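# Understanding the architecture of this molecule
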Amino acid sequence: MSATVSFMLNGKPVTVASPRDRMLVWVLRDELGLTGTKVGCEAGLCGACTVLVDFEAVPSCSTTLADVAGKTVLTIEGLAVDGKLNPVQEAFKDHHAFQCGYCTSGMIMAAWAFLKKKPKATRTEIVEAMEGNLCRCGAHVRILEAVESAGKAMGGGR
Amino acid sequence: MRRRDFLQGVTAGALTFFFTTPVGSAPIVPTRPGAYPEDFNAYLKVSADGRVGCFVGKVELGQGAMTVLAMLVAEELELDPAQVDMCLGDTDLCPWDMPTGGSLTMWHTAPVLRGAAAEARAVLLRMASKTLGAPVADLTLKDGAIWVKASPARRTTFGELVKGRKMERHLGKVKPKPLSDCTVIGRRVPRKDALAKITGAAKYAGDLRFPGTLHACILRPPAHGLTLATADTAAAERIPGVRIVRDGTLLAVLHPQPDTARKALALVKGTFEGTEPDVDDVRIYQYLVDKAAPGQRVVISRGDLAAGEKRAATVVEGEYRNAYESHATLEPHTSVAKWEEGRMTVWASTQSPFVFREAVAEALKLGPDKVRIIAQFVGGGFGGKLVGPGAVEAARIARQVPGVPIQVAWNREEDLFLDTYRPAAVVKLRSGLDAGRGAITFWDSTVAGVSQGEAELSYDMQATRYQAPAVPGLHPLKAGAWRAPNAHTNAFARESQLDALAAKAGVDPVTLRRRLITDARLLRLLDLAVETFGWEPAPGPTGRGIGLACGAWRQGLVVAVAQVAVDKTTGKVRTERFLEAVDVGLVVNPDGARQQVEGAITMCIGQALSEEIRFKGGRILDKNFDTYLLPRFSAIPRIEVVFADNATMVTQGIGEPPVVPVAAALANAVFDATGARVTHVPFTPERVLEALKRVPAK
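The numbering scheme is per chain: residues are counted from 1 as the chain's sequence reads. Throughout, the order in which chains and ligands are written sets their labels, letters from A for the former and numbers from 1 for the latter. The model is predicted, so local features are restricted to residues of pLDDT at least 70 and side-chain atom pairs to those at 80 or more, both for listing and for counting; the totals for chains, interfaces and linings are taken over all residues.

## A closer look at the overall build of chain A
The condition is simple: Here a strand is any run of E in DSSP of at least two residues, a helix any run of H or I of at least four, and the numbering for each starts at the N terminus. Our radius of gyration is a C-alpha quantity, and the globule rule it is checked against amounts to 2.2 Å times the number of residues to the power 0.38. Once C-beta atoms are placed from the backbone, any two residues with those atoms within 7 Å are in contact.
A count of helical and extended segments in chain A gives five helices and five strands. Ordered by position from N to C terminus, the α and β elements of chain A give β-β-α-β-β-β-α-α-α-α. A globule of 158 residues ought to have a C-alpha radius of gyration of about 15 Å, and chain A, at 15 Å, matches this closely. Considering only residue pairs separated by 6 or more positions, chain A has 60% of its internal contacts joining residues 24 or more positions apart.

This is how it looks when you write it as structure tokens:
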């Protein structure tokens, strides 16, 4: 089963020698040292491990290495470029849209994937987009505000 | 800023401090369990470059300890909180402290830290006075510099004065600045953990990547009450790189890759022995009542109950229950342990570094000085990480593989199985209201499953009796502290019962509470809550779906108002609006306090409506978030928070209080909407439908 798989990771090509059926979250965290992507349920139920594959938000605990062969993967570590935070990160920072922070990477990735497609979203649409991501501390109200304000900053002012 | 600098900046502000001490070196701070050090140097250090380091034995769980404690130091030393580097929860570097729980940080630790910072300020000013040749009264300080007010060129800095050394001079108790001079307290301050958390740079225990780490997955019994008898590890050992470690009934499969360790564990065939408890999530309530009955004793008693009952015009009898509930922190329990040079170091996801130190030392028969716990960023606690079985497991395994870092990261199933749940409980109440509908003539309360903690609130009651059992090992499952332990169970019962009395007597529930409340502070808070919400007095049920409840944690007071919509065909409750008015004395970090209240409301919407651990014997049936239902975004109402203006009262802490009345306010709102009284937390759609069936037809 072991083979090399190549894909684009945070804008750079990478090649990983690992079983093709290995879940992406372990490859990211253990092979590539990108621990910003968190493990919460290992069943695609909590969203803590959300990354973008070809700009779609997916749970990396349920996405195999083979699934990303030749594709583009974006993790939380790839969002800020040259020290400049992404608009969603900025909004999460300004709104204090987190507490313990364990869900935050997944939240930001899910929000970014959604806003890229639809910056002018309604509150209801944002709720639907974020429904798969759990937060235990109860930062939800701030997360919704942050996603709304990030949408505005991205030119989607309503 | 270059990216590398940016990321370094991120980690430097985190729990890992700017100077790291190698494992095995002498502790900087002699730790004295049970007492706070009196020397302010234990809490504060000025490095050679003038930055101020603050050392506290608390941890950052997301509740904002890192930010609010830095604010206190910044206030006294005239710094920006960003200029204070926080080192939390390292038992070698930080002075002893109680666990991070019980809303103790602001109530218990904060005055000590603020006092230490006030003394440090006075000492620095005296040192500067000597250096600059000017009396202290002529000096001023800001941002780490001290200068002569009249001639600012005559200046020095904290760094130049202290030169990285310990400050030898001591002045004893120095009064902190008066509130009127404070510029940091009460201000919105950026969270110190923000950058680390939004960039993914924040390190939790599972994110540590020490070279040579082995991931350990532990063979679990299928049920509580069972322990490992025999194990066949042959199939697992055929996987390259697998190592098996056994220590008594603990069997762990080790591998450099966490997922491979988990797969190898699945190949281990174990047999287990022991007896499962003979109870389940349906029979648990009668089980608790029966088992508690012989041990029931009166813990509070006032007045003559029988006489009180004779005076009552309205009598209500109620039984209130709540299920076991998990802490379900999003980060499961995780620890990394390493045995090196006769010392065990554990990097842990913990609320209680010093308790973990004792637990690890005891398990390994070591002196506590041979154990170091280093708390990382913790992905939620809520009482679930006050105890450390995972840390002990990691240490026991690490003891057998010297020099190898061992990571034990529970998966979700283990986390839900091994959690110390909020205890299931039954509260039986019988109480009466007089004909004038202004006095509780008697109140008789018996609990099983919890204590009578926070059962009383400042309501005038003519005769009361509170009974609670003294029965060790009452619970068939492991129960522990769950954010405001006992208080939410007792508040749910009390506030539901008061509402039931009000409804039966035909009086508005707020009016009844106003007549009963004896504490002016609670009365003011009630007024603040109803005025902000826009309460229109009317006896329930009004059909509006609005309910109110009061609660307390120590001197922290909360009044909650909920508005719900109930779907009478499905039984589904939707929270539309939730307000809390909160009085916790002086609010040091208003935005941080607000976050705690918002979070408590949100968390307890789950507690009230959906969260329940189902079990059969010792088997936990909820294994993941598909059946254990945390509130998701669609369940979140409009949330409003108002604080009482009470800056003259000592800060009480904010983690617990806002939890206390949430379920009660929601239950009272369901009654107001439907006339159905839900008495069993969580009030799932099935339980709401059952309650609706009991409503008498008009």
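## Focus on the overall build of chain B
Looking only at helices and strands, chain B has 18 helices and 27 strands in total. Taking 698 residues into account, the globule formula puts the C-alpha radius of gyration at 26 Å, and chain B, at 27 Å, falls close to it. With the C-alpha coordinates of chain B rotated into their principal frame, the extents come out at 80 × 80 × 45 Å. Partitioning the intrachain contacts of chain B with sequence separation of at least 6 by distance along the chain shows that 77% fall at a separation of at least 24.

## Considering the sheet that holds strand β23 (residues 573-583) of chain B
All names here are of chain B. Threshold: Note on pairing: DSSP must find at least two bridges between two strands before they are called paired. A fitted line through C-alpha atoms represents every axis, and for helices the fit uses only the stretch in contact; the resulting angles, taken between N-to-C directions, go from 0 to 180 degrees.
Spatially, the four strands line up as an open sheet ordered β21-β22-β23-β26, and their pairing is mixed. Each edge of the sheet is formed by a strand with only one pairing partner; in this case those strands are β21 (546-553) and β26 (638-643). On average, each strand axis in the sheet is tilted by 15° relative to the strand beside it, whichever way the strands run. Bridging between strand β22 (residues 556-566) and β23 involves ten bridges; their strand directions are antiparallel. In the sheet register, leucine 557 faces β23, and the bridge partner there is aspartate 583. Each of β21, β22, β23 and β26 is contacted by helix α15 (residues 520-533), which is oriented at about 140° to β23, the strand it contacts most.

## Focus: the packing of helix α13 (residues 487-505) of chain B against helix α14 (residues 509-516) of chain B
Axes are the key here: two packed helices are described by the angle between their axes and the distance separating the axes. Residue and element names in this part refer to chain B. Rule in force here: For this classification, under 35 degrees means roughly parallel, over 145 means roughly antiparallel, 65 to 115 means roughly perpendicular, and everything else is oblique. Working rule for handedness: look at the near helix, and if it is turned counterclockwise from the far one by less than a right angle, call the crossing left-handed; if clockwise, right-handed. Residues are grouped as follows: nonpolar covers Ala, Val, Leu, Ile, Met, Phe, Trp, Tyr, Cys and Pro; charged covers Asp, Glu, Lys and Arg; every other residue, Gly included, is treated as polar.
In contact at an axis separation of 9 Å, α13 and α14 are set at 110° when each is read in the N-to-C sense. Here α13 lies roughly perpendicular to α14, going by the angle between them. Between α13 and α14 lies a crossing whose hand is right-handed. Facing Leu498, Asp499 and Ala502 of α13, the residues of α14 in contact are Pro509, Leu512 and Arg513. A per-class count over the contact of α13 with α14 returns four nonpolar, no polar and two charged.

## A short note on the domain arrangement of chain B
Residues and elements named next belong to chain B. Quick note on the threshold: An automatic or database domain assignment supplies the residue ranges for each domain.
Looking at the assigned domains, one finds that chain B contains domain 1 (12-191), domain 2 (205-274 + 333-409) and domain 3 (284-324 + 421-693). When each unit is reduced to the centre of its C-alpha atoms, the spacing between domain 1 and domain 3 is 40 Å. If you look at the interface, domain 1 gives 19 residues, while domain 3 gives 19 residues. Listing elements by their share of the side of domain 1 that touches domain 3, those giving two or more residues are α2 (65-77) and α3 (105-132).

## Concerning the interface of chain A and chain B
Across the contact, 44 residues belong to chain A and 51 residues belong to chain B. Among the secondary structure elements, those contributing two or more residues to the side of chain A that touches chain B are α1 (24-31), α2 (87-95), α3 (104-117), α4 (123-130) and α5 (140-156) of chain A. When the residues that make up the side of chain A that touches chain B are grouped by side-chain class, the tally is 23 nonpolar, 13 polar and eight charged.

## Some details on helix α7 (residues 258-265) of chain B
What counts here: Backbone-placed C-beta atoms define the burial measure: a residue is buried with 20 or more other C-beta atoms within 10 Å of its own, exposed with 12 or fewer, and partly exposed in between.
The buried count for α7(B) comes to six of eight residues, which makes it a mostly enclosed element. Restricting attention to buried positions, one finds in α7(B) the residues B:Pro258, B:Asp259, B:Thr260, B:Ala261, B:Ala264 and B:Leu265. The inward-facing, buried residues of α7(B) contact α1 of chain A together with β7 (214-218), α6 (234-237), β10 (250-255) and β17 (406-409) of chain B.

## Comments concerning the nonpolar core
Residue and element names in this part refer to chain B. Using the following cut-off: We call a set of buried Ala, Val, Leu, Ile, Met, Phe, Trp, Tyr and Cys residues a nonpolar core when their C-beta atoms link them within 7 Å.
Within the largest apolar cluster, 277 residues are counted, with the highest numbers of intra-cluster contacts made by Cys54, Val73 and Val670. In terms of residues, this core owes the most to one element, α3, which gives eleven residues. Not counting residues up to four positions away in its chain, the partners in contact with valine 73 are Leu44, Val52, Cys54, Val84, Leu113 and Ala117. In this structure, Phe382, Val387, Ala481 and Trp482 belong to the second largest nonpolar core, which totals five residues.

## A few points about the packing of α2(B) against α3(B)
Residue and element names in this part refer to chain B. The geometry of α2 relative to α3 is characterised by a closest axis approach of 8 Å and an angle of 30° between their N-to-C directions. With respect to α3, the element α2 is oriented roughly parallel. For α2 against α3, the interelement crossing comes out right-handed. Where α2 abuts α3, its residues Ala65, Val68, Leu69, Leu72, Val73, Glu76 and Leu77 lie against Thr105, Met106, Ala110, Leu113, Arg114, Ala117, Ala118, Ala120 and Arg121. Among the residues making up the contact of α2 with α3, the classes are represented as twelve nonpolar, one polar and three charged.

## Regarding the environment of B:Asp369
Residue placement: B:Asp369 occurs in the loop between α10 (353-364) and β16 (371-375). In sequence terms B:Asp369 and B:Asp444 are 75 residues apart; their C-alpha atoms lie 49 Å from each other.

## Digging into the domain arrangement of chain A
Residues and elements named next belong to chain A. We note that the domain assignment places domain 1 (2-78) and domain 2 (87-156) within chain A. Of note, the centres of domain 1 and domain 2, computed from C-alpha atoms alone, are 21 Å apart. Counting only elements with at least two residues in the side of domain 1 that touches domain 2, the list comes to β3 (50-53) and β4 (56-59). Here the side of domain 1 that touches domain 2 gets three residues from one element, more than from any other, and that element is β3. Grouping the constituent residues of the side of domain 1 that touches domain 2 by class yields eight nonpolar, four polar and two charged.

## Examining the environment of B:Asp499
All names here are of chain B. If you trace the backbone, aspartate 499 turns up in helix α13. The spacing of aspartate 499 and threonine 131 is 368 residues in sequence and 68 Å in space, taken between C-alpha atoms. When residues no more than four places from it in sequence are discounted, the contact partners of aspartate 499 are Pro509, Gly540, Asn668 and Phe671.

## Brief notes about the pairing of strand β13 (residues 314-322) of chain B
Relative to strand β18 (residues 425-433) of chain B, β13(B) is paired through nine bridges, and the arrangement is antiparallel. Looking across to β18(B), one finds that B:Glu319 is bridged to B:Lys428.

## Things to note about the sheet that holds strand β6 (residues 151-157) of chain B
Residue and element names in this part refer to chain B. A sheet is described by the order of its strands in space; here three strands give the open sequence β4-β5-β6, paired in antiparallel fashion. Single-partner strands in this sheet number two, and they are β4 (139-142) and β6. This sheet shows a mean twist of 30° between the axes of neighbouring strands, independent of strand direction.

## Points about the confidence of the model for chain B
Residue and element names in this part refer to chain B. Basically, it comes down to this: pLDDT measures the predictor's confidence residue by residue and takes values from 0 up to 100.
Across chain B, pLDDT averages 94, with 95% of residues at or above 70. With pLDDT under 50 throughout, residues 1-31 is counted as low confidence; its partners more than four residues away or in other chains account for 56 contacts. Interface confidence in the predicted complex, given as ipTM, is 0.98; pTM for the same model is 0.95.

## Concerning the environment of B:Lys572
Residue and element names in this part refer to chain B. Inspection of the secondary structure puts lysine 572 in the loop between β22 and β23. A C-alpha to C-alpha distance of 9.1 Å links lysine 572 and phenylalanine 683, two positions 111 residues apart in sequence. Apart from the residues lying within four places of it in its own chain, the contact partners of lysine 572 are Asp567 and Pro685.

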